[in-house]
Amino acid sequence: MRILVIEDEVQLADAVSEILKRNKYFVDTVYDGADGLDYALTGVYDCILLDVMLPKMNGFEVLSNLRKEKISTAVIMLTAKSEVEDKITGLDGGADDYITKPFNTSELLARIRATTRRKGEFVDDNCISFGNLKLMKNSCSIAYGENDIKLSLKEFQIMELLISNPHRILPKERIIEKIWGYESDVEYNNIEVYISFLRKKLSTMCSDIQIKTARGIGYSLEKVGA
């Protein structure tokens with residue numbers, strides 16, 4: 001899952017980003033509203049943490065522009081303000097949740113899970129699965145039957161994207177945007193290398209789940225014989 005943090009307090013933004021990365025989220029961080037809107041309009045994010053008091057464009061304006069452009073990404077407003085009027089403004093403007101600074105890290109993570117769950121994302125604290133194949137966040141590994149294998153961070157991130165979208169062909173461009181960021185200059189052969197690693201690990205476990213190639217397009221996760 002990719003999260004965009006739009007927060008002008010650099011230390012707070014970087015601290016939140018680090019916490020999210022440790023919890024296996026993909027994170028991009030920007031420090032003003034104008035840049036935040038540009039990033040958010042790409043539509044590649046699953047959740048946006050949006051501060052209210054921002055330079056160049058405040059959070060309410062960013063939110064308004066997103067909803068006008070039909071971007072339905074989950075938005076959690078972050079602010080030092082606790083007045084009821086501000087909460088009403090944010091929620092009426094299309095925010096999905098609202099949390100007041102300073103906030104508890106565990107609460108923020110719980111709100112992200114709850115908000116994305118309401119948006120239809122499959123969210124689990126530790127494990128997601130497809131068929132008998134399981135992906136464990138805490139141990140950064142995949143398991144099939146009695147076998148389990150450790151994954152590198154990029155392998156884990158690609159498998160999480162595939163296993164969250166079973167039977168769906170994910171274009172290579174989409175994989176790059178989700179995992180490396182939409183401004184990345186990563187080439188397609190980087191993805192091909194990691195896909196090769198993952199295929200070897202699935203084969204080692206004798207898994208009936210395979211990564212199929214849609215030639216010239218991308219990859220999908222399929223069950224053999226299904």
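Conventions adopted
Residues numbered from 1 in each chain as written. Predicted model: local features only at pLDDT ≥ 70, side-chain atom pairs only at ≥ 80, totals over all residues. Heavy atoms only, no water. Buried < 20%, exposed > 50% of the residue type's maximum accessible area, 1.4 Å probe, protein only. Helix = DSSP H or I, 4+ residues; strand = E, 2+ residues; numbered from the N terminus. Pairing = 2+ DSSP bridges. Right-handed = clockwise from strand over helix to strand, strands pointing away. Contact = heavy atoms within 4.5 Å. Axes fitted to C-alpha atoms, helices over the stretch in contact; angles between N-to-C directions. Core = buried A, V, L, I, M, F, W, Y, C linked by side-chain atoms within 4.5 Å. Parallel < 35°, antiparallel > 145°, perpendicular 65-115°, else oblique. Left-handed = near helix turned anticlockwise from the far one by under 90°. pLDDT = per-residue confidence, 0-100.

**Here we look at the pairing of strand β3 (residues 47-51)**
The buried fraction of β3 amounts to five of the five residues, a majority that puts the element mostly inside the structure. Of the two faces of β3, the one holding Cys47, Leu49 and Asp51 and the one holding Ile48 and Leu50 are both buried throughout. Of the strand pairs in this sheet, strand β1 (residues 2-6) and β3 are connected by four bridges, and their pairing is parallel. Counted as the bridge partner of Ile6 is Leu50 from β3. Where β3 meets strand β4 (residues 74-79), five bridges bridge the pair, whose relative direction is parallel. Residue pairing across strands places Cys47 opposite Ala74, the latter belonging to β4. Once the chain exits β3 it traverses helix α3 (residues 59-68) before rejoining the sheet at β4, and the crossover so formed is right-handed.

**So, the environment of Pro171**
Among the secondary structure elements, Pro171 is positioned in strand β10 (residues 170-171). For Pro171 and Tyr219, which are 48 residues apart along the polypeptide, the C-alpha to C-alpha distance reads 6.7 Å. Discounting residues that sit within four places of it in the chain, Pro171 has contacts with Ile217 and Gly218.

**Comments concerning the sheet that holds strand β12 (residues 218-223)**
Pairing within the open sheet is antiparallel, and its three strands lie in the order β10-β12-β11. Lying at the two open borders of the sheet, with one neighbouring strand each, are β10 and β11 (209-214). Where β10 lies against β12, two bridges are found, and the strand directions are antiparallel. Residue pairing in the sheet places Leu170 in a bridge with Tyr219 of β12. Running at roughly 150° to β11, helix α8 (residues 188-204) makes contact with β11 and β12 of the sheet.

**Things to note about the pairing of β12**
For a regular strand, the rule is simple: side chains alternate between the two faces of the sheet. A large share of β12 lies buried, amounting to five of its six residues. Relative to β12, β11 is paired through six bridges, and the arrangement is antiparallel. Among the inter-strand pairings, Ile209 is bridged to a residue of β12, identified as Lys223. The hairpin turn running from β11 into β12, its antiparallel successor, is three residues long, and Gly216 in that turn takes a positive phi close to 80°.

**Comments concerning the nonpolar core**
Membership of the largest hydrophobic core comes to 29 residues, with the highest contact counts inside it found for Leu133, Met159 and Ile211. Per-element tally for this core: the top contributor is helix α6 (residues 153-163), with six residues. The residues touching Leu133, leaving out its near neighbours within four places in the chain, are Ile128, Ile142, Ala143, Tyr144, Met159, Ile163, Leu202, Met205, Ser207 and Ile209. Counting residues in hydrophobic clusters, the runner-up holds 21 residues, among them Ile6, Val52, Leu54 and Leu63.

**Topic: α6**
For α6, a buried count of nine out of eleven residues is recorded, marking the element as mostly surrounded by other parts of the structure. Among the residues making up α6, those that are buried are Glu155, Phe156, Gln157, Ile158, Met159, Glu160, Leu161, Leu162 and Ile163.

**Considering the packing of helix α2 (residues 33-40) against α3**
At a closest axis distance of 10 Å, the pairing of α2 and α3 adopts a crossing angle of 25°. Of the possible angle classes, the one that applies to α2 and α3 is roughly parallel. Between α2 and α3 the crossing geometry is right-handed. Mapping the contact onto sequence places Gly33, Leu37 and Ala40 in α2 and Val62, Asn65 and Leu66 in α3.

**A closer look at the confidence of the model for the protein**
When the pLDDT values of the protein are averaged, the result is 87; 93% of them are 70 or greater. Highest mean pLDDT in the protein belongs to β3 (94); lowest belongs to helix α4 (residues 84-92) (76).

**Some remarks on the sheet that holds β4**
The strand order across the open sheet formed by five strands is β2-β1-β3-β4-β5, and the pairing between neighbours is parallel. On the outer flanks of this sheet lie β2 (26-30) and β5 (97-100), each paired with one strand and no other. The mean angle between the axes of side-by-side strands here comes to 20°, regardless of whether they run parallel or antiparallel. On top of the sheet, helix α1 (residues 10-22) reaches β1, β2 and β3; it is set at about 170° to β2, its chief contact.

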